Amino acid sequence: MPTFDQIKGSIANNELLTDEELQLFELLYKKYGFKTISEYAKLHNITYKGVEYQIKNRLVQFIEVNGKILLF
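The present account deals with the structure reproduced in this document.

Criteria and thresholds
- Residues numbered from 1 in each chain as written.
- Predicted model: local features only at pLDDT ≥ 70, side-chain atom pairs only at ≥ 80, totals over all residues.
- Heavy atoms only, no water.
- Helix = DSSP H or I, 4+ residues; strand = E, 2+ residues; numbered from the N terminus.
- Buried < 20%, exposed > 50% of the residue type's maximum accessible area, 1.4 Å probe, protein only.
- Core = buried A, V, L, I, M, F, W, Y, C linked by side-chain atoms within 4.5 Å.
- Contact = heavy atoms within 4.5 Å.
- Phe/Tyr/Trp six-rings, centres within 6.5 Å; stacked < 30°, edge-to-face > 60°.
- Salt bridge = Lys/Arg side-chain N within 4 Å of Asp/Glu carboxyl O.
- Expected span 1.5 Å × (residues − 1).

1. So, the environment of Lys 31
Mapping Lys 31 onto the fold places it in helix α2 (residues 18-32). For Lys 31, a relative accessible area of 61% puts it in the exposed group. As for Lys 31 and Phe 62, which are separated by 31 residues in sequence, their C-alpha atoms are 14 Å apart.

2. A look at the nonpolar core
In this structure, Ile 37, Tyr 40, Ala 41, Val 51, Ile 55, Val 60, Phe 62 and Leu 71 together form the largest nonpolar core, which totals eight residues. Broken down by element, the residue count for this core peaks at three residues, all from helix α3 (residues 37-43). If near-sequence neighbours (up to four positions away) are discounted, Val 60 is found in contact with Tyr 40, Gln 54, Ile 55 and Leu 71.

3. Quick notes on the packing of aromatic side chains
Counting across every chain of the model gives five aromatic pairs. Members of the aromatic cluster, joined through ring pairs, are Phe 25, Tyr 29, Tyr 32, Phe 34 and Phe 72.

4. Some remarks on the pattern of salt bridges
On inspection of all chains with the given rule, the structure shows three salt bridges. Its salt-bridge partner being Asp 5, residue Lys 8 comes within 3.8 Å of it at the nearest N-O pair. Pair noted here: Lys 8 and Asp 5 are both in helix α1 (residues 4-12), with a separation of three residues, about one helical turn. Classification of Lys 8 by relative accessible area gives partly exposed; the value is 42%.

5. Some points on α2
Over its 15 residues, α2 runs 21 Å from end to end, which matches the ideal 21 Å to within 8%, given 1.5 Å per residue. Immediately downstream of α2, the backbone of Gly 33 shows phi near 55 degrees, a positive value.

6. What about unusual backbone geometry?
Although it is not a glycine, Asn 14 sits at a positive phi angle of roughly 55 degrees. Position of Asn 14 relative to the elements: it lies in the loop between α1 and α2. Of note, the phi angle at Asn 45 is positive, near 55 degrees, even though the residue is not glycine. Following the sequence through the fold, Asn 45 ends up in the loop between α3 and α4 (48-56).

The structure is reproduced here in structure tokens:
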């Protein structure tokens, strides 16, 4: 089984087919159910500003990818 660093290297070096990369993304998306700030706010019936507050104070789990915040 490849290590995490090997997988990262394969992605960074474009050694995987696009279909393979998309399959990896789909698995992660399904596992973590990433949501935008707006989607998260609507799902939890809170305001956009409320979610921004939670992010700022690290009260929710999130990742930032290319300037876009995804919550899970």
